[in-house]
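Here is how the chains run, residue by residue.
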Amino acid sequence: MSVNLFEQHFDVSPEGTASAPGRVNLIGEFTDYNDGWVLPCALQFRCHVAWRRREDNTITAVSREYPDEIDSFQACDEYKPSTRPWANYIRAIVAALRSEGYVTQGIDLALWSDVPQGRGLSSSAALEVALLGALNSAFNWNIDGAEIAKLGQLSENAFIGCQCGIMDQLISTKAQPGAALLLDCQSLEAISVTIPKQWSIVILDSNYPRKLVDSEYNARRADCEAACAAMTIPSLRAADTQRLAACRDTLTATQYRRAAHVLEENKRVKATAAALQQADLAAVAEQLANGHHSLANHYEVTVPATDALVAIAKAELGNRVAARQTGGGFGGAVVCLCHRDDVPQLLNAVERDYTQRTGLKATTFVCEAGTGLEVNNNG
Ligand code: GLA
């Protein structure tokens with residue numbers, strides 16, 4: 001498919017293709033930029049890039065999703081945002097590479113993606129990692145997986161303007177099929193945690209219109225940094241419950257709630273990984289329920305639509321389902337884990353109750369954990 005798209009536009013076959021997945025985070029929300037732990041897995045939805053190097057310095061990109069748009073710029077140009085958001089990610093990646101000493105030459109790029117956009121499933125990280133994989137291979141840079149993830153994060157932090165952590169890019173690079181990864185966002189160490197074969201990952205997309213996501217996201221991060229400054233620690237990794245309690249008077253009530261979420265969420269990540277290893281669904285369900293409650297009340301990033309989806313899932317299946325809002329917050333999707341035999345009942349309940357409660361219609365996906373970055377170079 002990418003090959004056809006590439007050939008249609010550039011009249012020649014590509015030299016190679018790369019692809020990287022979107023992700024769903026099982027638990028560990030807003031812990032990555034606090035040097036904590038996360039437990040995401042990749043989706044089977046992927047972003048693909050086909051490429052061919054050029055003799056000149058021009059970078060030209062087309063996208064199946066935006067058929068009437070072409071972006072073109074010079075590899076040596078200073079970063080200048082494009083009015084097209086998809087193209088802006090490409091410019092930001094080229095700029096991030098350059099700032100780390102990797103100078104791109106001219107290249108033609110064709111992109112396509114089946115990762116749902118704007119749903120908290122990391123369509124942008126999938127694009128960044130696929131593109132980095134493509135450029136890394138095309139120009140023989142030998143950048144390793146952790147560095148690819150860091151470059152993707154840098155493109156967002158320094159050029160797109162989102163102060164995200166490293167989770168999305170790291171899982172998109174390193175994911176293993178059938179497993180979640182327990183990621184230490186400080187050391188970048190990854191431990192594979194198999195998802196029991198008889199369980200399904202069900203994603204319930206609220207279709208709630210997400211607003212002010214980047215500004216609210218950055219504001220939460222600023223709250224955590226202010227809490228660290230008040231506690232004179234480099235990151236919340238250096239805090240524990242006692243220290244937080246001892247510093248309570250130096251923090252605002254909001255900073256305290258944010259920090260408390262992060263400390264407890266780190267514990268939940270480890271408890272969930274252990275429960276997954278035991279295939280103990282009720283224990284996973286308890287951790288995710290507490291996680292959602294904390295996102296709603298301490299981090300204040302849920303919306304009535306995602307709260308309703310979690311409530312519907314729990315009312316239907318009780319502790320036979322683990323459910324919570326996933327991703328960057330303020331809407332997006334709810335992730336559920338349940339036995340595969342319970343999936344029809346869960347989907348029926350959502351169909352029956354969600355529109356009635358919210359006036360919205362959910363989009364649902366039943367998934368298995370997918371594979372990380374893949375690159376194919378025929379050049
Ligand atoms: C977004 C960011 C991640 C992470 C999550 C919340 O997906 O890109 O770095 O902070 O939100 O856990």
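Being a predicted model, the structure only gives us computed values, none of them experimental.

Caption draft 1: Region of interest: the site of the ligand. Taken together, 13 residues form the shell around the ligand, and within it Glu29, Phe30, Asp32, Asp168 and Tyr217 come nearest. Asp32 has a polar side-chain atom sitting 2.5 Å from an oxygen atom of the ligand. Contacts to the ligand include Asp168, whose side-chain N or O atom sits 2.6 Å from an oxygen atom. Starting from 300 Å² of accessible surface for the ligand in isolation, the protein chains cover 92%. When its residues are assigned to classes, the shell around the ligand shows five nonpolar, four polar and four charged.

Caption draft 2: Local environment of the sheet that holds strand E11 (residues 363-367). In spatial order, the strands read E9-E10-E8-E11; together these four strands make up an open sheet with antiparallel pairing. This sheet does not close on itself; its edge strands, each paired only once, are strand E9 (321-326) and E11. Taken pair by pair, the neighbouring strands of this sheet meet at an average axis angle of 20 degrees, ignoring direction. Relative to the sheet, helix H9 (residues 281-297) contacts strand E8 (199-205), E9 and strand E10 (333-339), its axis offset from that of E9 by approximately 30 degrees. Packed onto the sheet, helix H11 (residues 343-358) meets E8, E9, E10 and E11 and runs at close to 10 degrees relative to E8.

Caption draft 3: Highlighting the layout of surface pockets. In this structure, the largest pocket spans a volume of roughly 880 Å³. The set of elements that each furnish at least two residues to the lining of the largest pocket consists of helix H2 (85-99), strand E5 (107-113), helix H3 (123-138), helix H4 (145-160), helix H5 (167-174) and helix H6 (213-231). Ranked by the residues each element gives to the lining of the largest pocket, the list is headed by H3, at four residues. Tallied by class, residues from the lining of the largest pocket come to 17 nonpolar, 12 polar and nine charged. When its volume is computed, the second largest pocket comes out at roughly 250 Å³. Around the second largest pocket sit 13 residues that line it, and Lys197, Trp199, Cys367, Glu368 and Ala369 are the ones nearest its centre. Elements with a minimum of two residues in the lining of the second largest pocket: E8 and E11. Among the elements that make up the lining of the second largest pocket, the one with the highest residue count is E8 (three residues).

Caption draft 4: A look at the nonpolar core. Among the nonpolar cores identified, the biggest contains 34 residues, and Ile90, Leu97, Ile107, Leu109, Leu131 and Leu135 are the most heavily contacted of them. When residues of this core are traced back to their parent elements, those giving at least two are strand E1 (16-27), strand E2 (37-53), strand E3 (58-63), H2, E5, H3 and H4. The leading source of residues in this core is H3, at nine residues. If we ignore the near neighbours within four places in the chain, the residues touching Ile107 are Trp51, Arg52, Arg53, Arg54, Thr58, Ile59, Thr60, Leu135, Ala138 and Phe139.

Caption draft 5: A look at the packing of H6 against helix H8 (residues 253-277). Relative to each other, H6 and H8 sit at 95 degrees, their axes nearing to 9 Å. When the interaxial angle is binned, H6 and H8 end up roughly perpendicular. Contacts from Arg220, Asp223, Cys224, Ala226 and Ala227 in H6 reach Thr254, Gln255, Arg258, Ala259 and Val262 in H8. Classifying every residue of the contact of H6 with H8 gives five nonpolar, two polar and three charged.

Caption draft 6: Quick look at the packing of aromatic side chains. Evaluated as defined, the whole model comprises 10 aromatic pairs. On the basis of an interplanar angle of 80 degrees and a centroid distance of 5.6 Å, the ring pair of Tyr33 and Tyr217 is categorised as edge-to-face. Here the residue Tyr33 occupies a position in the loop between E1 and E2, and Tyr217 occupies one in helix H6, the gap between them amounting to 184 residues. Accessibility expressed as a relative area gives 9% for Tyr33, which makes it buried. The buried category is assigned to Tyr217, whose relative accessible area is 10%. By way of ring pairs, the aromatic residues Phe30, Tyr33, Tyr217 and Tyr299 are connected into one cluster. In this structure, Arg248 is placed above the aromatic ring of Tyr256, and the distance from its NZ or CZ to the ring centre is 3.8 Å. Across the ring face of Tyr299, the terminal group of Arg258 is positioned such that the distance to the ring centre comes to 5.9 Å.

Here is what the cut-offs are and how they apply
Residues numbered from 1 in each chain as written. Predicted model: local features only at pLDDT ≥ 70, side-chain atom pairs only at ≥ 80, totals over all residues. Heavy atoms only, no water. Near = heavy atom within 4 Å. Polar contact = N/O pair within 3.5 Å; in protein donor to acceptor, adjacent residues only side chain to side chain. Areas by Shrake-Rupley, 256 points an atom, 1.4 Å probe, with all protein chains shown as cover. Nonpolar A, V, L, I, M, F, W, Y, C, P; charged D, E, K, R; others polar. Pairing = 2+ DSSP bridges. Helix = DSSP H or I, 4+ residues; strand = E, 2+ residues; numbered from the N terminus. Axes fitted to C-alpha atoms, helices over the stretch in contact; angles between N-to-C directions. Contact = heavy atoms within 4.5 Å. 1 Å grid on protein atoms, 1.4 Å probe; cavity = no way out; pocket = protein on both sides within 12 Å on 5 of 7 lines; lining within 4 Å. Points joined across faces, edges and corners; volume = space filled by probe spheres on them. Core = buried A, V, L, I, M, F, W, Y, C linked by side-chain atoms within 4.5 Å. Buried < 20%, exposed > 50% of the residue type's maximum accessible area, 1.4 Å probe, protein only. Parallel < 35°, antiparallel > 145°, perpendicular 65-115°, else oblique. Phe/Tyr/Trp six-rings, centres within 6.5 Å; stacked < 30°, edge-to-face > 60°. Lys NZ or Arg CZ within 6 Å of the ring centre and 35° of its normal.

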